[in-house]
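Inside the fold
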Amino acid sequence: MGGAMRENRYDDPKFFEKYSQMDRSVKGLSGAGEWETLRPLLPDFAGKRVLDMGCGYGWHCRYAAEQGAAYVLGFDLSEKMLQTAKEKTDSPVVEYRRLAMEDMDFPAESFDVALSSLALHYVEDYRGVVEQVKRALVSGGSFIFSVEHPVFTAAGSQDWYYGENGEILHFPVDNYYYEGKRNAVFLGEQVVKYHRTLTTYLGGLQDCGFLLSRVAEPMPPASMLDTVPGMRDEMRRPMMLIVAAEKR
Ligand SMILES: C[S@@+](CC[C@H](N)C(=O)[O-])C[C@H]1O[C@@H](n2cnc3c(N)ncnc32)[C@H](O)[C@@H]1O
């Protein structure tokens, strides 16, 4: 399937509008609950060629550039996300391109670092992307990504079970070993995501010749527990998984 055929919720005006009001869209990395956990896992960007897959507004691209990256290519499927990214970016080393992860075909060893923040759970063929990343990276290159946690994506609804008075009872984990498509509700809209087990995420990297360097399940930062509504409930189940790996 060619890139032009792919559909993306982020290009839907209603969804885009809601996404643009999220803390992470307004404040950037400091408004992203996982940033404190992700940042220490990022490599030294000085002089590096960096790829950001599903770059959205380009926060991580600009961060890499600020940290001295020589070249940053951010790509995304959504025209609207890229438009905002371009408006927010004023750096000669950052370039944006419209591309689907499924259609990646970069020259071998053309990047030193590959990043992907919260985008890989939109892709059905994870292994295909990992193979492409491996090809695109130099040996010793870093691949760091965050995804929605398998515990969070398993059941599909991505919502709590509530009691009679609307109080939270628990979070459902179901059909864990049945990987694949889930019809989730994100920002009140139907969104298609893909569930994968932890084994698939981590083992998939190892099978392709990556060395796992770090795995993290970010907790909400203490500073946000009382200031961001609902953040305390984020202590009840993992929502994200962060993985750092190195191409051998
Ligand atoms: C939750 S946003 C994250 C954006 C950005 N990485 C960040 O952390 O701020 C997910 C992004 O993935 C993009 N996306 C979804 N499916 C994609 C695909 N198949 N190929 C490339 N980008 C995709 C969406 O358009 C959206 O911009």
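Here, the structure is the one placed above.
Residues numbered from 1 in each chain as written. Predicted model: local features only at pLDDT ≥ 70, side-chain atom pairs only at ≥ 80, totals over all residues. Heavy atoms only, no water.

Turning to helix 8 (residues 198–207), its buried residues are Tyr 201, Leu 202, Gly 203, Gly 204 and Leu 205. Trailing helix 8 by a residue or two, Gly 209 shows a phi angle of about 95°, which is positive. (Buried < 20%, exposed > 50% of the residue type's maximum accessible area, 1.4 Å probe, protein only. Helix = DSSP H or I, 4+ residues; strand = E, 2+ residues; numbered from the N terminus.)

As a further point, take empty space enclosed by the protein. Tallied over the full model, the rule gives one cavity of 30 Å³ or more. Of the volumes computed, that of the largest cavity is approximately 40 Å³. In terms of lining residues, the largest cavity is bounded by Leu 38, Leu 42, His 60, Leu 115, Ser 116, Ser 117, Ile 144, Phe 145 and Ser 146. Elements with a minimum of two residues in the lining of the largest cavity: strand 4 (111–117) and strand 5 (137–148). Of the residues in the lining of the largest cavity, the class split is five nonpolar, four polar and no charged. (1 Å grid on protein atoms, 1.4 Å probe; cavity = no way out; pocket = protein on both sides within 12 Å on 5 of 7 lines; lining within 4 Å. Points joined across faces, edges and corners; volume = space filled by probe spheres on them. Nonpolar A, V, L, I, M, F, W, Y, C, P; charged D, E, K, R; others polar.)

What follows is about the packing of helix 6 (residues 126–136) against helix 8. Where helix 6 meets helix 8, the axes come as close as 10 Å, and the angle between the chain directions of the two elements is 40°. As judged from the angle between their axes, helix 6 and helix 8 are oblique. The handedness of the crossing between helix 6 and helix 8 comes out as right-handed. Residue-level contacts link Tyr 126, Arg 127 and Val 130 of helix 6 to Thr 200, Tyr 201, Gly 204, Leu 205 and Asp 207 of helix 8. Looking at the contact of helix 6 with helix 8, its residues break down into four nonpolar, two polar and two charged. (Axes fitted to C-alpha atoms, helices over the stretch in contact; angles between N-to-C directions. Parallel < 35°, antiparallel > 145°, perpendicular 65-115°, else oblique. Left-handed = near helix turned anticlockwise from the far one by under 90°. Contact = heavy atoms within 4.5 Å.)

A separate point is the site of the ligand. Around the ligand, the structure places 22 residues, and the nearest of them are Asn 8, Gly 54, Asp 76, Glu 102 and Ser 117. In this structure, a nitrogen atom belonging to the ligand sits 2.7 Å away from a main-chain N or O atom of Gly 54. Within the contact set of the ligand, an oxygen atom lies 2.6 Å away from a side-chain nitrogen or oxygen of Asp 76. Of the residues contributing to the shell around the ligand, the split by class is 13 nonpolar, six polar and three charged. (Near = heavy atom within 4 Å. Polar contact = N/O pair within 3.5 Å; in protein donor to acceptor, adjacent residues only side chain to side chain.)

Reading across from one edge, 3-2-1-4-5-11-10 is the order of the seven strands in this open sheet, with mixed pairing throughout. Unpaired on one side and paired on the other, strand 3 (94–98) and strand 10 (210–216) mark the two borders of the sheet. The sheet shows a mean angle of 15° between the axes of neighbouring strands, direction not considered. Across six bridges, strand 10 lies against strand 11 (residues 240–247) in antiparallel orientation. For Arg 214, the partnering residue across the bridge sits in strand 11 and is Ala 244. Against the sheet, helix 8 contacts strand 5, strand 10 and strand 11, and its axis sits at roughly 145° relative to strand 10. (Pairing = 2+ DSSP bridges.)

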